[in-house]
Amino acid sequence: PGRAKRLLLSQLFQPLNLQAGDEAGWDGRAGEPTCRSQKLMLQGGLIHPSSPGCYYYLPPTVRAMEKLVKVMDGEMQAVGGQKLNMPSLSSAELWRASGRWDRIGPELFRLVDRHGKGYCLGPTHEEAATELVAAQSNLSYKQLPLRLYQVTRKFRDEPKPRFGLLRSREFYMKDMYTFDASEEAARQTYDLVCDAYRNLFDRLGLPFVKVRAATGTIGGTLSHEFQLPADIGEDRLVLCPDGHFAANLETLNGEQTSCPTCGEKLTQTRGIEVGHTFYLGTKYSSVSNAVFCSPKNKPQLVEMGCYGLGITRILAASIEVLSTEDSIRWPSLIAPYQLCFIPPKRGSKEEEEGITLLEQVYDDLAEALPHLAGDSVLDDRTQLTIGKRLKDANKLGYPYVVIAGKRVCEDPPVFEVWNQNAGEVFFLTKEGVIELLSKVQIP
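Residues numbered from 1 in each chain as written. Predicted model: local features only at pLDDT ≥ 70, side-chain atom pairs only at ≥ 80, totals over all residues. Heavy atoms only, no water.

(A) Examining the domain arrangement of the protein more closely. Domain annotation of the protein identifies domain 1 (36–322) and domain 2 (337–438). When each unit is reduced to the centre of its C-alpha atoms, the spacing between domain 1 and domain 2 is 41 Å. (Domains from an automatic or database assignment.)

Encoded structure:
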């Protein structure tokens, strides 16, 4: 009682397939293009394919996702965000009124209920959020700004789903809809949310660029994308080498080759879009008649913005840009588990003493640093050598690995500790291990 139950690797539902094998067979469908993150996530038992563009997210992935959402909730609440949840089923009437039912085309999953009413599975929720605010008939300027957001499953009938969670037909997104009393206030909100996104990517240690973007089917007059530069990215970006200018190539007229600010030659790169922000003005509020009562007691249309972060795409994209060809590297803040403990091999001379001492470190650590208690895994596959289990731990990307090796029988016992993200190895006593790990942050 009072002791944290040890989490054993053999009991985790994470079907590993870490032997790099036949590349074509990863997804069960030969010839489908794979990328680093897709291959690593399938090998590491993080996702399992169900149908084209749809995946089971296995427990470690859900842990990483929940951590990411927690970090993101903090950033959204810091800018006054209030979390809600909107229905996945959106009525066709709502989408017809905004004109998007016909404009979006076959990417919309459409269905009809038993009464013959049309719906779509929401790829995004501008119409729904605006309708919700429009339904508040006595909204006052004193209640603005409103910054409402949700984290839900979204649906998009991709013609060619590929690259695992980077382009799937079902995915998780954080979408925020903001309602302000004036254009000036709405633009301040826009800057505030963009800064929150910057902050989020900085905290995750992801090398992002914010680029000027097209408004597409969402609409509005101002839009930016947050992109992670990567070779397999589907967007082509142009960047000023000194950072004065960055845009998605699709927004440029003609052959703009030099930076409008400093005249330097623009460089091209590819990127994975992980966030998108839009200033919408009254595009949606005018359709739904979403109004508030002004200080002069007159009804006035709210000025809107919308802001998306691809939750599952950020997970896959961070693995894509941080990992090596055969080893996952997570942003350490959101790694599914922070620690892996490796006891001696069965039958080795260190076995008996080593396993007792390592379990003691596990328990003492859980007591000294309770926030890490649920973030530690014990690799109990003692039929395997330490080297083989260390190799697996390296491939799965635990930020820290604690090993009871040859020096565990010294007095005092010494443990081998790997800081995987920094590529450092330490030899530490139990106190040293706890001291080192006391710096580890989890959301």
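(B) Structural context of the pattern of salt bridges. Taken as a whole, this structure holds 27 salt bridges when the rule is applied. Across the pair Lys430 and Asp364 runs a salt bridge whose closest N-O atoms are separated by 2.6 Å. Here Lys430, found in helix H11 (residues 430–437), pairs with Asp364, found in helix H9 (residues 351–368); they are 66 residues apart in sequence, far enough to count as distant. Measuring nitrogen to oxygen at the nearest pair gives 3.4 Å for the salt bridge that ties Glu435 to Lys439. Judged by its relative accessible area of 58%, Lys439 is exposed. Put simply, Arg156, Glu158, Arg162, Arg167 and Glu234 are held in one network by salt bridges that share partners. (Salt bridge = Lys/Arg side-chain N within 4 Å of Asp/Glu carboxyl O. Helix = DSSP H or I, 4+ residues; strand = E, 2+ residues; numbered from the N terminus. Buried < 20%, exposed > 50% of the residue type's maximum accessible area, 1.4 Å probe, protein only.)

(C) Spatial organisation of helix H6 (residues 183–204). An ideal rise of 1.5 Å per residue puts 32 Å on 22 residues; H6 measures up with 32 Å between its terminal C-alpha atoms. Turning to H6, its buried residues are Ala186, Thr189, Tyr190, Val193, Cys194, Ala196, Tyr197, Leu200, Phe201 and Leu204. On an axial view of H6, the arc spanned by its buried residues comes to 155°, and they lie on one face. Turned more than 90 degrees away from the buried face of H6, the exposed residues are Glu184, Gln188 and Asp202. In the segment just after H6, Gly205 is the residue with positive phi, at about 70°. (Expected span 1.5 Å × (residues − 1). Arc of directions from axis to C-beta.)

(D) Geometry of the sheet that holds strand E17 (residues 339–342). Pairing within the open sheet is mixed, and its 5 strands lie in the order E18-E17-E19-E20-E21. The sheet is open, and its two borders are formed by strand E18 (376–378) and strand E21 (424–428), each paired with just one other strand. Pairs of neighbouring strands in the sheet enclose a mean axial angle of 20°, with direction left out of account. For strand E19 (residues 400–403) and strand E20 (residues 415–419), the ladder comprises 4 bridges, and the chain directions are antiparallel. Within E20, the position partnered with Val401 by the bridge is Trp418. Packed on one face of the sheet, helix H10 (residues 386–396) meets E17, E19 and E20 and runs near 170° to E17. Across the sheet, H11 is in contact with E17, E19, E20 and E21; its angle to E21 comes to roughly 140°. (Pairing = 2+ DSSP bridges. Axes fitted to C-alpha atoms, helices over the stretch in contact; angles between N-to-C directions. Contact = heavy atoms within 4.5 Å.)

(E) Structural view of the packing of aromatic side chains. Applying the stated criterion across every chain, the model contains 7 aromatic pairs. For the pair Tyr57 and Tyr172, a centre-to-centre distance of 5.9 Å together with 50° between the ring planes defines the contact as tilted. Taken as a pair, Tyr57 in strand E2 (residues 54–57) and Tyr172 in strand E8 (residues 170–180) lie far apart in primary sequence, 115 residues in all. By way of ring pairs, the aromatic residues Tyr197, Phe201, Phe208 and Phe226 are connected into one cluster. A cation sits over an aromatic face here: Arg110 above Trp101, 4.6 Å from the ring centre. For the cation-ring pair, Lys283 lies above Tyr284, with the distance from its terminal atom to the ring centre recorded as 5.2 Å. (Phe/Tyr/Trp six-rings, centres within 6.5 Å; stacked < 30°, edge-to-face > 60°. Lys NZ or Arg CZ within 6 Å of the ring centre and 35° of its normal.)

(F) Spatial organisation of unusual backbone geometry. Residue Pro145 is bonded to the preceding Leu144 through a cis peptide linkage, with omega at 0°. Of note, Pro145 is situated in the loop between helix H5 (126–134) and strand E7 (146–155). With an omega of -5°, the peptide bond between Asp411 and Pro412 qualifies as cis. Assignment of secondary structure puts Pro412 in the loop between E19 and E20. Positive phi outside glycine occurs at Phe163, with the angle close to 60°. Along the polypeptide, Phe163 turns up in the loop between E7 and E8. A positive phi angle, near 70°, is found at Asn297, a position not held by glycine. Within the element layout of this structure, Asn297 appears in the loop between strand E14 (291–293) and strand E15 (299–301). On the accessibility criterion, Asn297 (61% relative accessible area) is exposed.

(G) Layout of the environment of Arg169. Within the secondary structure, Arg169 is located in the loop between E7 and E8. For Arg169, the contacting residues outside a window of four places in its chain are Pro52, Gly53, Cys54, Phe109, Lys154, Phe155, Arg156, Asp157, Glu158 and Pro161. Side-chain polar atoms of Arg169 contact the side chain of Asp157, separated by 3.0 Å. (Polar contact = N/O pair within 3.5 Å; in protein donor to acceptor, adjacent residues only side chain to side chain.)

(H) Molecular detail of the pairing of E7. A large share of E7 lies buried, amounting to 9 of its 10 residues. Sheet topology places E7 next to E8; 10 bridges connect them, and they run antiparallel. Each residue of the ladder has a partner; that of Tyr149, found in E8, is Met176.

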